[in-house]
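In case you want the letters, here they are:
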Amino acid sequence: MRTDTAQIVRLVDYRPSDFLIDSVELDVSLHPTATQVRATLVVRPNPDGRPGAPLVLDGDELNLKAVALDGRSLAEEEFEASPQSLTIMQPPRQSFTLTVETELNPTANTKLMGLYRSSGNYCTQCEAEGFRRITYFLDRPDVLAVYTTRIEADRDEAPVLLGNGNPVESGSVEGSNRHYAVWEDPHPKPSYLFALVGGRLGRVSKSFTTMSGRAVELAIYVEPGKEDRADYALDALERSMVWDERVFGREYDLDVFNIVAVSDFNMGAMENKGLNIFNDKYVLASPETATDMDYAHIEAIIAHEYFHNWTGNRVTCRDWFQLCLKEGLTVFRDQEFSSDERSRPVHRIAEVKTLRARQFLEDSSPLAHPVRPTQYREINNFYTATVYEKGAEIVRMLKTIIGNESFRRGMDLYFERCDGTAATVEDFLEAFAEVSGRSLSHFARWYEQSGTPRVTVKSHYDKAAGTYRLDFTQSTPPTPGQPNKEAMAIPVVLGLVAHDGSSVEAACEQVDERGVFILDKAADSLTFTGVTSLPVPSLFRGFSAPVKVTLDLPNEELLVLLQHDSDAFNRWQAAQTVAMRHLAALSNGAQVSDEEIDAFSTALCSFMDTDALRDPAFAALVLTLPSEADIAQEIGKDVDPDAIHRARSDMRRRIGKTCSAHLHRFYEELADSGPYSPDAASAGRRALRNASLDLIAAADQAAGEELAAAQAESASNMTDRLAALSVLTTLPGAAREEAITQFGERYRNEPLVMDKWFTLQAAIPEDDTLERVKGLMEHQAFSIGNPNRVRSLIGSFAMLNQVQFNRIDGAGYDFLASIVLRADELNPQLAARLLTAFSTWRMMESTRREHAQRALWTISRKPNLSRDVGDIVSRTLD
Ligand code: PHE
Ligand code: ZN
């Protein structure tokens, strides 16, 4: 294996920059292939740096045109320049001005980092290291400067010109058809938060008054003609601003807040100061083109980027190892926002489903890493579920441990102390340790130790003594670079439930009045006294810690929780645990008797009788079995995806049969009524109805096909239309093909809808899907250069289609390998993301494992791999 140890960046090697940059004046003259950039930097030696060091600025594929120091052009021997760096050998010992001119070709920039074009519009992406693709710079997050940006462009090509901060001036360039705009951002920021946009864009806007009475103009820019599809995002932005004032006391700090939607974007969105840039799929929505889930994602991501204004921008990160400081915290904040705006338990279940599907998977794979990594070869590969989602769970555990009030005071102290600085995880924890008076040094291990802890619980009831004991043990499996693990500080929120549903009032010293117990040793026991009948323990309520739990309770007792627990998360969890036991057994070839499956189905039926219509969104989650990927993860080794697929289909069929009457009743009673609204309650009714349709179809093909085909045809919104089509994809035959064709025709000019069409087809678990996917790559709506298209078709095939990606003949792996190599030549970040689908390869049975390894070798041997792909492939094979 290739090991370029030289390229590894390590946390322990951090040292302050030798120079600081106080201010930046950027003059950007936009042109499709020859954009001119003049940067005027005010630089001074850093008192914390090495005296007399040369000034080394970062670059990436840059073309230097001129360089001057305090207005004087530098002689050849005074500097060294390459596309990757610019070194001034003997810079002055006091503040000086450096002027650097570079020329860029935004049209040729297919990496979508730095300045590039999307649908003809100019835009930038600078996180993590994209600013160095615009000009030479100290491109590191601990160098904070104030920026003034002058943007000039052809009036026809780019009538709209946007920058960070506030607009200060605009006008025509005399004697030409060019115009300009000047933007000033008074808040010091690192270069990764820089942005500019120039293009032909439509606009929606709204005024907002902040808590202290300042007026802010909010605006969203989209492709002209799609303005009405930005209304929901604008509303979500306003609600986010109000929420952050109310819940965290955080106010916005500029006169304008702009969001631009672009069609070519590597990630979800970017929090550039005062000028967020979004992947258009997280802005544009109409009932006809977006599903309920799309609306929920838009709301969450709009909030996320807005919340970064305080957690990320006002307080930024010292270095990229601290990425979770802004991302984990901001995910926590957006999750809290969505929970307040929607249903908290339903949202919590959705969060945990993604955490398990993505982060637990990552933690058990060769790509496992700590929430705060200690080294990287390519930082782009660390925008992961671990940094984001597990990072958010750490913040939530912290809040559980110290309590709501201390948490809020700790946040206030953190903002007060760190505003305007580039902070570390230690700075963050210190604020909470101080306000709560608690040591958080053991807790801090969550940032350092990778892998998902397992907690095993055994229960003992002594009727005569009236005592109930819970024995806890914890362990964390080895992960790359961490063979031996230490015990974690795990908050367990718990309660005891009686078989008749009443809650058991029992005393236990180690459990506080909120029901919180902190398991911080490898083994510990809780003894409850005054327990008069055998209780059922409800542990990790609300999923109080990101761990895997093994409980020695029989299925019947777990099902008591489904019926009676006061904690909605654990009601759902109980049903999932029982379902998973059956699914894993069936997948491993064990027989599960009809009585056992019936007991589960019957519990679901009685749940549906009593509860389903009180909270349909919750009921839909209860009715949805763990996914094939979840089951594979549970089994963990020698996985046979075909067996898993058969097991899950079989169980869906058996539940669908037993519960048929209930399902049909829901399907009818919850029929669409009135105009579409994306609110959580309406979405919940659609979710339950569509979950019912899925089970109806599993049990009775003909009935399912008829209902689904009719719904696909007549649906009044995208949620119902897509759900129907999704059910049809599980039913091979003419009706399905007809529905697929019609959908493709109807939406052929709607790229974001065509993405859904690609995804559905890529996920069909049948042998000819690979050929279908290859065929769809020729479709006029597909483009290998557009990340949304590639992820919808190829990414979905690799991540959602367990049976076909993991084909026993290895053709799925070979296909993905060939696409990764093709994509790598255009867009390494996109290629590296696709490649992570291989991270499950070691879990597979031996034939698949060998095929996967061969495909990975093919990739690793290719000359000139990007650092992004080189890093992932070598870690995946290690
Ligand atoms: N910082 C962005 C977010 O989480 C994600 C991102 C990273 C976007 C890198 C683009 C490039 O909101
Ligand atoms: Zn973020």
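Predicted model, so just to flag it, every value in this text is computed and none were measured.

1. Some details on the overall build of the protein
Within the protein, the secondary structure is distributed over 27 helices and 32 strands. For the C-alpha atoms alone, the extent of the protein along its principal axes is close to 90 × 65 × 60 Å. A total of 878 residues make up the protein; the buried ones form 51% of that total. Across the protein, every contact between residues at least 6 apart in sequence was considered, and the portion connecting residues at least 24 apart equals 70%.

2. Quick notes on the packing of helix H4 (residues 344-363) against helix H5 (residues 385-402)
Running from N to C, H4 and H5 cross one another at 120°; their axes reach a closest spacing of 9 Å. Relative to H5, the element H4 is oriented oblique. Two packed elements cross with a definite hand, and for H4 against H5 that hand is left-handed. Here Thr354, Leu355, Arg358, Gln359, Glu362 and Asp363 of H4 come into contact with H5, specifically with Ala385, Thr386, Glu389, Lys390 and Glu393. Residues that form the contact of H4 with H5 fall into these classes: two nonpolar, three polar and six charged.

3. Points about the site of ligand 1
Surrounding ligand 1, one finds Gln125, Glu127, Ala128, Met267, Ala269, Met270, Glu271, His304, Glu305, Glu327 and Tyr383. Looking at the shell around ligand 1, the elements with two or more residues in it are strand E20 (269-270) and helix H2 (292-307). Here the shell around ligand 1 is composed, by residue class, of five nonpolar, two polar and four charged.

4. Thoughts on the sheet that holds strand E11 (residues 121-125)
Spatially, the four strands line up as an open sheet ordered E10-E11-E16-E13, and their pairing is antiparallel. Each end of this open sheet is capped by a strand with a single partner; those strands are strand E10 (114-118) and strand E13 (160-163). Averaged over all pairs of adjacent strands, the angle between strand axes in this sheet comes to 20°, irrespective of strand direction. One ladder, built from five bridges, connects E10 with E11; its direction is antiparallel. Within the sheet, the bridge partner assigned to Arg117 lies in E11 and is Tyr122.

5. Describing the pairing of strand E3 (residues 35-45)
Judged by which residues are buried, E3 turns out to be one-sided: Thr35, Val37, Ala39, Leu41, Val43 and Pro45 face inward and are buried, whereas Gln36, Arg38, Thr40, Val42 and Arg44, on the alternate face, are not. A loop of five residues connects strand E2 (residues 19-29) with E3, the two strands running antiparallel in sequence. Pairing of E3 with strand E9 (residues 96-104) involves nine bridges; the strand directions are antiparallel. Along E9, the bridge assignment pairs Thr40 with Thr99.

6. Structural notes on unusual backbone geometry
Backbone torsion omega between Glu127 and Ala128 reads -5°, so that peptide bond is classified as cis. Tracing the backbone shows Ala128 in the loop between E11 and strand E12 (145-154). Backbone geometry places Ser119, a non-glycine residue, at a positive phi of 50°. Here Ser119 shows up in the loop between E10 and E11. Even without being glycine, Phe543 reaches a positive phi, approximately 55°. Positionally, Phe543 belongs in the loop between strand E31 (535-538) and strand E32 (548-551). Judged by C-beta crowding, with 22 C-beta atoms within 10 Å, Phe543 ranks as buried.

7. Considerations on the environment of Asp598
Inspection of the secondary structure assignment puts Asp598 in helix H11 (residues 594-610). The exposure class of Asp598 is partly exposed, given the 15 C-beta atoms found within 10 Å.

8. A short note on the UniProt feature "domain: Peptidase M1 alanyl aminopeptidase Ig-like fold" (unreviewed entry) in the protein
Those places that UniProt annotates as "domain: Peptidase M1 alanyl aminopeptidase Ig-like fold" (unreviewed entry) correspond, in this numbering, to residues 451-550. For residues 451-550, helix accounts for 0% and strand for 44%, while the C-alpha atoms at its two ends are 16 Å apart.

9. Observations regarding the sheet that holds strand E26 (residues 467-475)
Pairing is mixed in the open sheet, where four strands are placed in the order E30-E26-E25-E32. In the strand order of this sheet, the two ends are held by strand E30 (523-529) and E32, each with one partner. Shown here is a sheet whose adjacent strand axes are inclined to one another by a mean of 20°, direction ignored. By the bridge criterion, nine bridges tie strand E25 (residues 454-462) to E26 in an arrangement that is antiparallel. Bridged to Arg454 within E26 is Ser475.

10. Things to note about the UniProt feature "domain: Peptidase M1 membrane alanine aminopeptidase" (unreviewed entry) in the protein
What UniProt calls "domain: Peptidase M1 membrane alanine aminopeptidase" (unreviewed entry) maps, in this numbering, to residues 232-445. The span residues 232-445 carries 55% helix and 9% strand; its end-to-end C-alpha distance comes to 40 Å.

11. A few points about the nonpolar core
Core analysis: the biggest nonpolar cluster contains 261 residues, and Val260, Ile277, Val283, Ile298, Val820, Leu834 and Leu835 have the highest contact counts within it. Setting aside residues up to four positions removed in sequence, Val260 forms contacts with Cys123, Leu162, Val197, Leu201, Tyr221, Ile277 and Phe278.

12. Here's the deal with the packing of helix H18 (residues 718-729) against helix H19 (residues 734-746)
Remark: H18 packs on H19, axes separated minimally by 9 Å, with the N-to-C direction vectors making an angle of 145°. At the point where H18 passes H19, the crossing takes the left-handed sense. Across from Leu725, Leu728 and Thr729 in H18, the residues of H19 making contact are Ala735, Arg736, Ala739 and Phe743. Here the contact of H18 with H19 is composed, by residue class, of five nonpolar, one polar and one charged.

13. Things to note about H19
One full turn of an α-helix is made of 3.6 residues, so residues set three or four places apart face in the same direction. Taking 1.5 Å per residue, 13 residues should reach 18 Å; H19 reaches 18 Å between its end C-alpha atoms and fits that length. Those residues of H19 lying buried are Arg736, Ala739 and Phe743. Each buried residue of H19 sits inside an arc of 65° when the element is viewed along its axis, so together they form one side. In H19, the exposed positions that point more than 90 degrees away from the buried face belong to Ala734, Glu737, Thr741 and Glu745. Taken together, the buried residues of H19 touch helix H17 (701-714), H18 and helix H20 (751-762).

14. Focus: the confidence of the model for the protein
On average, residues of the protein score 97 in pLDDT, and 99% of them are at 70 or above. Interface predicted TM-score (ipTM) for the complex: 0.99; the corresponding pTM is 0.99.

Cut-offs used in this document
- Residues numbered from 1 in each chain as written.
- Chains lettered and ligands numbered in written order.
- Predicted model: local features only at pLDDT ≥ 70, side-chain atom pairs only at ≥ 80, totals over all residues.
- Helix = DSSP H or I, 4+ residues; strand = E, 2+ residues; numbered from the N terminus.
- Buried ≥ 20, exposed ≤ 12 C-beta atoms within 10 Å, placed from the backbone.
- Contact = placed C-beta atoms within 7 Å.
- Axes fitted to C-alpha atoms, helices over the stretch in contact; angles between N-to-C directions.
- Parallel < 35°, antiparallel > 145°, perpendicular 65-115°, else oblique.
- Left-handed = near helix turned anticlockwise from the far one by under 90°.
- Nonpolar A, V, L, I, M, F, W, Y, C, P; charged D, E, K, R; others polar.
- Near = placed C-beta within 6 Å.
- Pairing = 2+ DSSP bridges.
- UniProt positions renumbered as here; feature names shortened; annotations may be inferred.
- Core = buried A, V, L, I, M, F, W, Y, C linked by C-beta atoms within 7 Å.
- Expected span 1.5 Å × (residues − 1).
- Arc of directions from axis to C-beta.
- pLDDT = per-residue confidence, 0-100.

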